[in-house]
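# Close look at the chain arrangement
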Amino acid sequence: MLKPSKVQEVLDAFDRMAAEVEEEKEQMQEKQDIEQRLERASSLVEMDFVISLMMDHVHDFNQDDWNDWLDLDDQQGFAAVFYFQAEERKPDREQKTQWYQTLKRALATQPYPYFVGPLIGFQIPVFVKYQAGNTGLTERENFARLMIRTVQHQLDNCQLCVGIGSVVANFQHFSKSYEQAIYTLEMVEKRSGSAYLVYSKQLEDKRKNFVPFDLEKDLLEAVKNGDTRKGLEVFEAYFQWIQKSVNYQVELIQKAMENLFIVLTRATKEFGFGEDVQMNFHPYETAMQVKQAAKAHLQTVMEEISKWRTNGVQGILIQVKGYLDSHYQDAVSLEGIAEKVGLSSYYLSKLFKEHFGVTFVEYLTNIRIQKAKDFLLDGSKPLKEIALDIGYKDPNYFSRVFKKEVGLSPSEYRNKYI
């Protein structure tokens, strides 16, 4: 402005300057908003990219489209699957979000570019771009150690584990490395004291001879226990093996999944869970559709069994215990009671020990011995009659059992305490 200036000119100039400053602020805020939206969009694209690689999805995006968002020129890399082994079986969304953000911050500290997938259950898949060397075994081990060291001290009541796949030539082979990472993660859980495992030639040789009997056994055990988290983890490895063993033929995968649920139905009915959990997979056209349907059905089954174990089983066991308390004098057998309550004798015995801390036979014997003590102290009944009254047809056998449990023969006990 030139001097001298009129007051109105000064005020007009001030208004123009204030408007320019306000406009610059609005433009800056709008720019920041756009950058934040782009950052969120990039994160979503990144997650979608990782999911498409994991599950071999057919997508509207082609390689050029992905390149518009992601730097894929150096495509060699490996898969890492991080697993949060929490003490709490059902952590809330806030807790899971903290895990996810903690891992993302840790990934930002390591030297390699990476793509992060979503937190699915308790697992987060990551694709790490890596160029140096052929196998990069040492580098992958260093990566695993760095991640665990950086993240673990920020976790409460939670253990971080990671399985690392092999280095693949380009991101199109990510699913192979991801499958290996899932396998190594399964091995981590079987090895005490280990928080990570890296796929190697030695592990590959061992895997070629691997038969999924242990996996199927672990899956059945998780289902019977209603352990959803463990069951879904084992199912991942089991399904990967099935896919590979049938050369990814959808019809054979469908049949394998149907057979799995037939086996599950038999196993669950054996221990008293009466629902038929069989399923038809023919409506699903791709391997991934079959997998997602099987996984969702499996999760529902395990959740129902968990409820049944909490409510139904407890009621059955209390019923069995009450029956023993009032029918100890009868010819009671584990097999007979198991048939009455609809459980196999094996599972009734197993569940009884889990809930009451003693076996079925131990509990029945304890009741009979306590009743025998009462009769012996009464002094009016002969030993033969006492044996019959508490369920022993052979008085000599009753005497042997009594002495084994009490340390005195029935006669010695009566003489000592009367």
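Please read all numbers here as calculations on a predicted model, not as lab measurements.

A few words now on the nonpolar core. Judged by nonpolar contacts, the single largest core of 107 residues is most densely connected at Phe-82, Phe-143, Met-257, Leu-298 and Leu-324. Here this core gets 14 residues from one element, more than from any other, and that element is helix α10 (residues 287-327). Dropping the residues within four chain positions of it, Phe-82 is found in contact with Leu-103, Phe-122, Gln-123, Ile-124, Val-126, Phe-143, Met-147, Leu-160, Cys-161 and Val-162.

This part takes up the pairing of strand β3 (residues 123-129). For a regular strand, the rule is simple: side chains alternate between the two faces of the sheet. Counted residue by residue, β3 has seven buried out of seven residues, so it is predominantly covered. Burial of the side chains of β3 extends over both faces: Gln-123, Pro-125, Phe-127 and Lys-129 are buried on one face and Ile-124, Val-126 and Val-128 on the other. Here strand β1 (residues 77-86) runs beside β3; their pairing, made up of seven bridges, is antiparallel. Bridge pairing in β3 places Ala-79 opposite Phe-127. Relative to β3, strand β2 (residues 114-116) runs antiparallel, the two sharing three bridges.

A word on a negative patch on the surface. Together, Glu-20, Glu-22, Glu-23, Glu-24, Glu-26 and Glu-30 line one region of the surface with negative charge. Here Glu-24 lies in helix α1 (residues 7-55).

Now for the pattern of salt bridges. According to the stated counting rule, one finds six salt bridges in the structure shown. Glu-236 serves as the salt-bridge partner of Lys-291, at 2.8 Å between the closest nitrogen and oxygen. On the criterion of sequence distance, the pair formed by Lys-291 in helix α10 and Glu-236 in helix α8 (residues 228-245) is long-range, its members being 55 residues apart. Its relative accessible area of 6% is what places Glu-236 among the buried residues. A salt bridge links Lys-307 to Glu-304, with the shortest nitrogen-to-oxygen separation between them at 3.8 Å. Separated by three residues within a single helix, Lys-307 and Glu-304 lie in helix α10, roughly one turn from each other.

Attention now moves to the confidence of the model for the protein chain. Interpretation of this model should avoid reading the predicted coordinates in detail wherever pLDDT is low. Overall, the predicted model of the protein chain reaches an average pLDDT of 80, with 82% of residues at or above 70. This model gives residues 55-63 a pLDDT under 50, and the stretch forms 13 contacts once residues within four places in sequence are excluded.

This paragraph deals with the packing of aromatic side chains. Under the criterion given, the structure shown has 15 aromatic pairs. Between the aromatic rings of Phe-235 and Phe-239, the centroid separation amounts to 5.9 Å while the plane-to-plane angle is 40°, which identifies the pairing as tilted. Placement of the pair is Phe-235 and Phe-239 together in helix α8, with a separation of four residues, close to one helical turn. Judged by relative accessible area, Phe-235 falls into the buried class, the value being 0%. Among the residues examined, Phe-239 registers a relative accessible area of 1% and is labelled buried. Each ring, one from Phe-261 and one from Phe-281, has its centre 5.8 Å from the other, and the planes form 35°; the classification is tilted. Within this pair, whereas Phe-261 is found in helix α9 (residues 250-270), its partner Phe-281 is found in the loop between α9 and α10, the two being separated by 20 residues in sequence. With respect to class, Phe-261 is no different from Phe-281; both count as buried.

It is worth spelling out the side chain of Arg-414 at this point. Along the polypeptide, Arg-414 turns up in helix α16 (residues 410-417). Within the local environment of Arg-414, its side chain forms a polar contact with the backbone oxygen of Leu-376, the two atoms lying 3.1 Å apart.

This part takes up the sheet that holds β1. The strand order across the open sheet built from five strands is β2-β3-β1-β4-β5, with neighbouring strands paired in mixed fashion. Strand pairing shows two members of the sheet lacking a second neighbour, β2 and β5 (196-198), which therefore form its edges. Between one strand axis and the next, the sheet turns by 15° as a mean value, whatever way the strands run. Packed onto the sheet, helix α4 (residues 137-152) meets β1, β3, β4 (158-168) and β5 and runs at close to 160° relative to β4.

With respect to the element layout, Leu-264 can be found in helix α9. On the basis of relative accessibility, which here comes to 1%, the residue Leu-264 falls in the buried class. In this structure the C-alpha to C-alpha distance between Leu-264 and Val-301, which are 37 residues apart in sequence, comes to 9.6 Å. When neighbours within four sequence positions are excluded, Leu-264 is seen to be in contact with Leu-220, Val-223, Val-277 and Leu-298.

This part is about helix α11 (residues 334-341). Listing the buried residues of α11 in full gives Leu-334, Ile-337, Ala-338 and Val-341. Buried residues in α11, looked at end-on, bunch into an arc of 105°, giving them a common side. The outward face of α11, more than 90 degrees from its buried face, is lined by the exposed residues Glu-335, Glu-339 and Lys-340. Lining the buried residues of α11 we find α10, α12 (345-356) and α13 (360-378). Just downstream of α11, Gly-342 is the residue with a positive phi angle, here 80°.

Definitions and cut-offs
- Residues numbered from 1 in each chain as written.
- Predicted model: local features only at pLDDT ≥ 70, side-chain atom pairs only at ≥ 80, totals over all residues.
- Heavy atoms only, no water.
- Core = buried A, V, L, I, M, F, W, Y, C linked by side-chain atoms within 4.5 Å.
- Buried < 20%, exposed > 50% of the residue type's maximum accessible area, 1.4 Å probe, protein only.
- Helix = DSSP H or I, 4+ residues; strand = E, 2+ residues; numbered from the N terminus.
- Contact = heavy atoms within 4.5 Å.
- Pairing = 2+ DSSP bridges.
- Patch = residues over 30% accessible without salt bridge, like charges linked within 9 Å, V, L, I, M, F, W, Y side chains within 5 Å.
- Areas by Shrake-Rupley, 256 points an atom, 1.4 Å probe, with all protein chains shown as cover.
- Salt bridge = Lys/Arg side-chain N within 4 Å of Asp/Glu carboxyl O.
- Lys, Arg positive; Asp, Glu negative; His and termini not counted.
- Charge placed at Lys NZ, Arg CZ, Asp CG, Glu CD.
- pLDDT = per-residue confidence, 0-100.
- Phe/Tyr/Trp six-rings, centres within 6.5 Å; stacked < 30°, edge-to-face > 60°.
- Polar contact = N/O pair within 3.5 Å; in protein donor to acceptor, adjacent residues only side chain to side chain.
- Axes fitted to C-alpha atoms, helices over the stretch in contact; angles between N-to-C directions.
- Arc of directions from axis to C-beta.

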